[in-house]
Amino acid sequence: MEELKQTISGGREELANLLYRQTATEQETEQIRKEEEAIRQEVSELSAAGHLLKEQAETLSEDKEKLLSENADLEKEQKKL
């Protein structure tokens, strides 16, 4: 009978340890999910910023080409004078 009580007591202790580890693991998993979501948000924001910078670079390149063309036209006009 004493052996049975010890076995039950040991089983309860093991079960308590398993429940504790399960809870800790669930909390860790939730923390990882939160960090993952924060990273996804940051990647999304960086991607949007990257697209905006690309558009701005394209606009600047177009403006540069226009200015170079206008400058060439002005130089031709100056030579005529």
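Remember, predicted model here, so these are calculated numbers, not experimental data.

Cut-offs and rules
Residue positions are given per chain, counting from 1 as you read along its sequence in written order. Whole-chain, interface and lining totals are the exception, using all residues; otherwise, since this is a predicted model, local features are given only for residues with pLDDT of at least 70 and side-chain atom pairs are given and counted only at 80 or more. Heavy atoms from the whole structure form the basis of all side-chain values; hydrogens and water molecules are not counted. Helix and strand definitions follow DSSP, with helices as H or I runs of at least four residues and strands as E runs of at least two, each counted in order from the N terminus. Think of it in three bands: residues with accessible area under 20% of the maximum for their type are buried, residues over 50% are exposed, and the middle band is partly exposed, with areas taken using a 1.4 Å probe on protein chains only. For every accessible area listed, the method is Shrake-Rupley and the probe measures 1.4 Å; residues are considered covered only by the protein chains on display. Under this rule, positive means Lys or Arg and negative means Asp or Glu; His and the chain ends count for nothing. To locate a charge, take atom NZ for lysine, CZ for arginine, CG for aspartate or CD for glutamate. For patch detection, residues must exceed 30% relative accessible area and be free of salt bridges, and they are connected within 9 Å for like charges or within 5 Å for nonpolar side chains (Val, Leu, Ile, Met, Phe, Trp, Tyr). Salt bridges, as used here, are contacts in which a Lys or Arg side-chain nitrogen is within 4 Å of a carboxyl oxygen on Asp or Glu.

**Q** Explanation requested: the overall build of the protein chain in the structure shown.
**A** Across its full length, the protein chain carries one helix and zero strands. Considering the protein chain as a whole, with its 81 residues, one finds that 0% of them fall into the buried category. Total accessible area on the protein chain stands at roughly 8000 Å², and carbon and sulfur atoms take up 54% of it. Between the centroid of the 12 positive side chains of the protein chain and the centroid of its 21 negative side chains there is a distance of 4 Å.

**Q** When you look at a negative patch on the surface in this model, what are you seeing that I'm missing?
**A** Among the surface-exposed residues, E55, E58, E62 and D63 lie close enough to one another that they form a single negatively charged patch. Structurally, E62 can be placed in helix 1 (residues 2–80).

**Q** Help me understand the pattern of salt bridges in this model?
**A** Side chains that differ in sign of charge can pair as their charged atoms come close. For the structure on display, the rule yields three salt bridges. Measuring nitrogen to oxygen at the nearest pair gives 3.8 Å for the salt bridge that ties R33 to E30. Separated by three residues within a single helix, R33 and E30 lie in helix 1, roughly one turn from each other. Note on E30: relative accessible area 36%, which makes it partly exposed. Between R40 and E36 there is a salt bridge, with its nearest N and O atoms 2.7 Å apart. Within this pair, R40 and its partner E36 are both found in helix 1, separated by four residues, close to a single helical turn. The class of R40 is exposed, set by a relative accessible area of 51%.

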